[in-house]
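Here's the letter readout for the chains.
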Amino acid sequence: MSIFPTKALIGATLLGATALTACADPTSYRPATGSGFYRTGFSDQRIEANRFMVSFAGNSVTSRERVEKYLLFRAAELTVQNGFDYFTLVDRDTERQTRTYVDPGFGGAYPYGGYGYWGPGFGYWGPRWRYARRGFGWGAWGGYGYDPFFDDWQVRQIDRFEATAEIITGRGPKPTDNTRAFDARSVIDTLGPTIEYPGD
C-alpha cells in the first residue's frame, strides 16, 4: 500500500477544509448538532431538580459575544420551561478552541514522507513550518525532515468558542443581593429580539 494519499482523498480533504472555513453564517439558536470540535448549538443537562448544566457552541465565524449571549438566553429559556422564575450562575466559562492544519496549494504536494493524518475536513494536521534555505528557496519541515519542494503549503487556523454554565433555578423574585441572579423572563424579553433562529 502506498504511503501517499490518493487524489480522491486529497480532494475530499480540501473540500472539507474549504467547507469548514467558508461557513457564511454564524451559528443560529438551535439544539446542538455534530460532535467534538464540530458540535454547534445549545445543549443542556439536568443535574438536580433545580440545577442544570448549559452550553452553547459556535462555529468558526461565531463571535465570543454571540456565544455568551446565546448561552444566557438558553439558561433563561430553560428556567421558564421547567417552571422556575429566575436562575443563578454558579459557574461560567468560555473556552476558545483552536485547530491548525496545513493544506497543499495547487502544486500537488504531499505530506513529507507520508506522515500526518488525513481525513475529510482536516487537511494535514500537525505542526509544519516554512523556512528559507540558501540555494534552495522555500522548504518545509513537519517534524520528520525537510523537503525543498513543499513550498506551496498553507497554514490555516480555525477558532471557535464554546460557553458553558452551571445554573441553579428558583421560584419567585430573584435575590436582589446576588449579581449572578437573573430574572428569566426579563432576560428573554431583553435578548429575544436579537436572537437569530434557523431560517431567519
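Residues numbered from 1 in each chain as written. Predicted model: local features only at pLDDT ≥ 70, side-chain atom pairs only at ≥ 80, totals over all residues. Heavy atoms only, no water.

### What to know about the overall build of the protein
Scanning the protein for helices and strands turns up three helices and nine strands. Beginning at the N terminus, the succession of helices and strands in the protein can be written as α-β-β-α-β-β-β-β-β-β-β-α. Looking at the protein alone, contacts between residues at least 24 apart form 72% of all its contacts between residues at least 6 apart. A total of about 11,300 Å² of accessible surface is found on the protein, and carbon and sulfur atoms cover 55% of it. (Helix = DSSP H or I, 4+ residues; strand = E, 2+ residues; numbered from the N terminus. Contact = heavy atoms within 4.5 Å. Areas by Shrake-Rupley, 256 points an atom, 1.4 Å probe, with all protein chains shown as cover.)

### A look at the nonpolar core
With 23 residues, the main nonpolar core has Tyr29, Phe56, Phe87 and Ile167 as its most contacted residues. Counting residues per element, the ones that place at least two in this core are strand 2 (51–57), helix 2 (64–81), strand 3 (86–103), strand 8 (154–170) and helix 3 (184–191). For this core, the leading source of residues is helix 2, giving eight residues. (Core = buried A, V, L, I, M, F, W, Y, C linked by side-chain atoms within 4.5 Å. Buried < 20%, exposed > 50% of the residue type's maximum accessible area, 1.4 Å probe, protein only.)

### Points about helix 2
Here helix 2 is 18 residues long and its end C-alpha atoms lie 26 Å apart, about the 26 Å a rise of 1.5 Å per residue gives. When you tally the buried positions in helix 2, you get 13 out of 18 residues, the bulk of the element. In the segment just after helix 2, Gly83 is the residue with positive phi, at about 85°. (Expected span 1.5 Å × (residues − 1).)

### What about the packing of aromatic side chains?
The full count for this structure, using the stated rule, is seven aromatic pairs. Between the aromatic rings of Phe87 and Phe182, the centroid separation amounts to 5.3 Å while the plane-to-plane angle is 15°, which identifies the pairing as stacked. Note that Phe87 is positioned in strand 3 and Phe182 in strand 9 (residues 181–183), a separation of 95 residues in sequence. Assessed through its relative accessible area of 21%, Phe182 is described here as partly exposed. In this structure an aromatic cluster arises from ring pairing among Tyr29, Phe42, Phe56, Tyr70, Phe73 and Tyr197. Taking NZ or CZ as reference, Arg160 lies 5.5 Å from the ring centre of Phe37, over its face. (Phe/Tyr/Trp six-rings, centres within 6.5 Å; stacked < 30°, edge-to-face > 60°. Lys NZ or Arg CZ within 6 Å of the ring centre and 35° of its normal.)

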